[in-house]
Amino acid sequence: MATLQINGLQLPCQGILFDKDGTLLEFLQLWGPWADSLLNQLEALLSGMGTGFTVERGKVLGTVHDSEGRIVDYDRQGPLAIATVDESTGLLAGQLYAAGMPWNDAITTVRELSNSAMQEVRSKRQAEPMPGLVSFLQSCQAASIKVAVVTSDSTPAAEEHLEWMGIRSFFTSIVGCDRVTLGKPNGETAKLACRELHIHPNQAIVIGDSNGDMQMGLNAGVSHVVGFCPPGEEAVHLQDADVVIGDYHEIRVSPDGA
């Protein structure tokens, strides 16, 4: 069995389950424009209905804005970071329902607004691998460590984003929220990925940027959970992580017998 060496720890490993957004790719580069477009569209619609958000703009999805209203950061424990597609849709539809729109119309409208925002994202394809990720995946491949993606995004969207980054071929399994009944922090997503990697959860390691990822791994019974927090950011939200890294260069892969 191969071993991951992280900050002095020796972690035996046959498989790694990666979260996607904020772990494989820089979160705001992809989701900042989507959230900004969606919030702008929703705010304009609410204004036309004679009202506005029921909470301050940054609390709707968990975004941080500068003095000019641009999204510059996000809450690592907020809905933008953690919620599934359906959860986000319901959350935003609640804003329209509170303004007087029937629930079925509110859901349909939010889906249309989200699709419009996502078309803008697709036209730009702004998704790049985290520093050191590609070389780390190559090291895993050379050491026969199987890798999977476990995400709150949909499986087709995850496939698309991995293709944009040119790393789809590394992953044996991709499990999105549409493939499970209970998403993160439930362990179902991780268990399904392990089955598709043909390993037991106690032979796997989870790497993710939210504590929901850590809890998912613990609930699934993986051997270790590794938090990902880029340099300069506080890792206080990763309270359940066994160890925290800020860059993939911090992990050394040792093949069997090395």
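Residues numbered from 1 in each chain as written. Predicted model: local features only at pLDDT ≥ 70, side-chain atom pairs only at ≥ 80, totals over all residues. Heavy atoms only, no water.

A.B. asks: Teacher, can you tell me more about the packing of aromatic side chains here?
C.D. replies: Working definition: an aromatic ring pair is given by the centre-to-centre distance plus the angle between the planes. In total, this model carries eight aromatic pairs according to the counting rule given. Ring geometry for F18 and F136: centres 6.2 Å apart, planes at 75 degrees, overall edge-to-face. Of this pair, F18 sits in strand β3 (residues 15-18) while F136 is found in helix α6 (residues 133-142), placing the two residues 118 residues apart along the sequence. For F18, a relative accessible area of 0% gives the class buried. Among the residues examined, F136 registers a relative accessible area of 3% and is labelled buried. Aromatic side chains F18 and F171 sit 6.0 Å apart centroid to centroid with 90 degrees between the ring planes, which places their arrangement in the edge-to-face category. (Phe/Tyr/Trp six-rings, centres within 6.5 Å; stacked < 30°, edge-to-face > 60°. Helix = DSSP H or I, 4+ residues; strand = E, 2+ residues; numbered from the N terminus. Buried < 20%, exposed > 50% of the residue type's maximum accessible area, 1.4 Å probe, protein only.)

A.B. asks: Looking at this structure, how should I read helix α9 (residues 211-220)?
C.D. replies: With seven of 10 residues buried, α9 is to be regarded as a mostly interior element. Looking at the buried residues of α9, the elements they touch are β6 (146-150), α8 (188-197), β8 (204-208) and β9 (224-228). (Contact = heavy atoms within 4.5 Å.)

A.B. asks: Just checking my understanding: could you explain the environment of E112 for this structure?
C.D. replies: Looking at the secondary structure, you find E112 in helix α5 (residues 103-124). For E112, a relative accessible area of 51% translates into the label exposed. Along the primary structure E112 and L38 are separated by 74 residues, whereas in three dimensions their C-alpha atoms are 9.9 Å apart.

Any link to function would need more than the numbers given here.
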